[in-house]
Amino acid sequence: MPPPKHQHLKMKTMMVEDTGAFDCDICCHPLKPPIFQCNEGHALCSSCSDKLATTGKCHVCGTSTRGGYRRCRAMEHLVETAHVECLNAAHGCDAKPVYYDLASHRQVCPHAPCHCPGKGCSFVGSTKKLLDHVSRLHGWPCTIKIMMPHEVCLGDGFNFLVLDRLVVNGSGTVISTTGHFLFLLNVARQPLGRAISVFCIHPHHKKWRSSKAVKCVLTYSQSVPECKLLVRHHLQSDLCVDCTDLSNGLPHTEKRFMFVVPNSALGDKDEEAINVTVDISICNI
Ligand SMILES: [Zn+2]
Ligand SMILES: [Zn+2]
Ligand SMILES: [Zn+2]
Ligand SMILES: [Zn+2]
């Protein structure tokens, strides 16, 4: 038995490249049910039909809409079937959202690109591909999937850290176990010590700033037996971590806090890397 007609319509999908016909003529936003029309079939979105109701005539043909605009079921069916490719298809996204949902998909698309922080490197890709790129092509150290807090060994320059299961609510309960979070710990040698700056690499960093707080506690603790005046050095800072997609390169560090481990507190001054304990948490604001 064939399915009822409305179900049959719902199941059809079509890929659309030219989406102009699916935008509201008035506000230019994608038409999304409920959609309205004049008696001649000129369609417009729900909020525009509310605003124009008082004019009493169609914005296109001028026919009377005194009885109000009517629902346009045919157009509603059409927009439900009109799918588009995600703009990040080139970066590996195979999602094909309904056209009117494209904007909301883009805000959460896991394939949205971030840039490589390498000088002169033009690589752009999802955080997953970026991680692969920085470890394979540049050979920068990457530590993956660790629970916090964790001791990491940081060499000079870029060190990448991938964290999992770190979205927690106000009472400290993990509320998301999906998705990886990519961090960059940059170690720069300065005359007096090693300065560490921390960044979260995220494609949706602008949206994140208003909804998420990324915090990091850095701890350095070292016994210094060979130094006569210093026996033990303990350093700890609570930082708010900046999120970036690195599209403008590394954020300037001059105005930001840097965690500086003084040379005089390093156990062996010639050692290449230093051990720092990192405790990162991501909270919903
Ligand atoms: Zn509109
Ligand atoms: Zn009309
Ligand atoms: Zn996508
Ligand atoms: Zn690169």
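The model shown is predicted, which means the values in this text are computed figures rather than measured ones.

A. Seen up close, the coordination of the zinc ion (ligand 4). Within the protein, the atoms that donate to the zinc ion (ligand 4) are Cys116 (SG), Cys121 (SG), His133 (NE2) and His138 (NE2), at distances of 2.0 to 2.3 Å. Considering all four donor atoms around the zinc ion (ligand 4), angles at the metal cover 99 to 122° and the coordination shape is tetrahedral. When the donor residues of the zinc ion (ligand 4) are listed from N- to C-terminus, their spacing reads C-x4-C-x11-H-x4-H. The class of histidine 138 is partly exposed, set by a relative accessible area of 27%.

B. Fine view of the coordination of the zinc ion (ligand 1). Donor atoms from the polypeptide that bind the zinc ion (ligand 1) are Cys24 (SG), Cys27 (SG), Cys45 (SG) and Cys48 (SG), placed at 2.3 Å. Coordination at the zinc ion (ligand 1) is tetrahedral: its four donor atoms span angles of 101 to 115° at the metal. Considered as a linear motif, the donors of the zinc ion (ligand 1) on their single chain read C-x2-C-x17-C-x2-C. In this pair, cysteine 24 is assigned in the loop between strand E1 (14-15) and strand E2 (35-37) and cysteine 48 in helix H2 (residues 46-52), connecting sequence segments 24 residues apart. For cysteine 24, a relative accessible area of 2% gives the class buried.

C. Geometry of the environment of leucine 52. By the element assignment, leucine 52 lies in helix H2. With 13 residues separating them along the chain, leucine 52 and threonine 65 place their C-alpha atoms 9.5 Å apart. Here leucine 52 is in contact with Ile26, Leu44, His59 and Tyr69, once residues within four sequence places are set aside.

D. Structural detail: the nonpolar core. Phe183, Ile196, Leu218 and Ile280 are the most contacted members of the largest nonpolar core, which has 29 residues in total. Contributions of two or more residues to this core are made by strand E9 (150-154), strand E10 (157-164), strand E13 (180-190), strand E14 (193-201), strand E15 (212-223), strand E18 (259-262) and strand E19 (274-284). Considering every element that reaches this core, the biggest residue donor is E19, with five residues. Phe22, Val79, Tyr100 and Leu102 belong to the second-largest nonpolar core, a separate cluster that totals 22 residues.

E. Here's a closer look at the layout of surface pockets. Taken as a whole, the second largest pocket holds about 180 Å³ of empty space. Taken together, 13 residues form the lining of the second largest pocket, with His205, Thr244, Asp245, Ser247 and Asn248 sitting closest to its centre. A per-class count over the lining of the second largest pocket returns three nonpolar, six polar and four charged.

F. A look at unusual backbone geometry. Cis rather than trans, the peptide bond between proline 33 and proline 34 has omega equal to 0°. Topologically, proline 34 is positioned in the loop between E1 and E2. For leucine 246, which is not glycine, the phi torsion reads 65° and is therefore positive. Given a relative accessible area of 3%, leucine 246 falls into the buried group.

G. Broad picture of the pattern of salt bridges. Evaluation of the coordinates by the stated rule reveals four salt bridges. Among the ionic pairs, aspartate 132 bridges to arginine 136, the shortest N-O distance being 2.7 Å. Residue aspartate 132 and its partner arginine 136 are located together in helix H5 (residues 127-136), separated by four residues, close to a single helical turn. What makes aspartate 132 partly exposed here is its relative accessible area of 37%.

H. Inspection of the side chain of serine 237 at higher detail. Locating serine 237 in the fold gives a position in strand E16 (residues 232-240). With a relative accessible area of 15%, serine 237 lands in the buried category. If we ignore the near neighbours within four places in the chain, the residues touching serine 237 are Cys216, Val217, Leu218, Phe257 and Phe259.

The rules behind the values
- Residues numbered from 1 in each chain as written.
- Chains lettered and ligands numbered in written order.
- Predicted model: local features only at pLDDT ≥ 70, side-chain atom pairs only at ≥ 80, totals over all residues.
- Heavy atoms only, no water.
- Donors = N, O, S within 2.8 Å, 3.2 Å for Na, K, Ca; no water.
- Tetrahedral: all angles 85-135°; square planar, octahedral: opposite > 155°, others 65-115°.
- Buried < 20%, exposed > 50% of the residue type's maximum accessible area, 1.4 Å probe, protein only.
- Helix = DSSP H or I, 4+ residues; strand = E, 2+ residues; numbered from the N terminus.
- Contact = heavy atoms within 4.5 Å.
- Core = buried A, V, L, I, M, F, W, Y, C linked by side-chain atoms within 4.5 Å.
- 1 Å grid on protein atoms, 1.4 Å probe; cavity = no way out; pocket = protein on both sides within 12 Å on 5 of 7 lines; lining within 4 Å.
- Points joined across faces, edges and corners; volume = space filled by probe spheres on them.
- Nonpolar A, V, L, I, M, F, W, Y, C, P; charged D, E, K, R; others polar.
- Salt bridge = Lys/Arg side-chain N within 4 Å of Asp/Glu carboxyl O.

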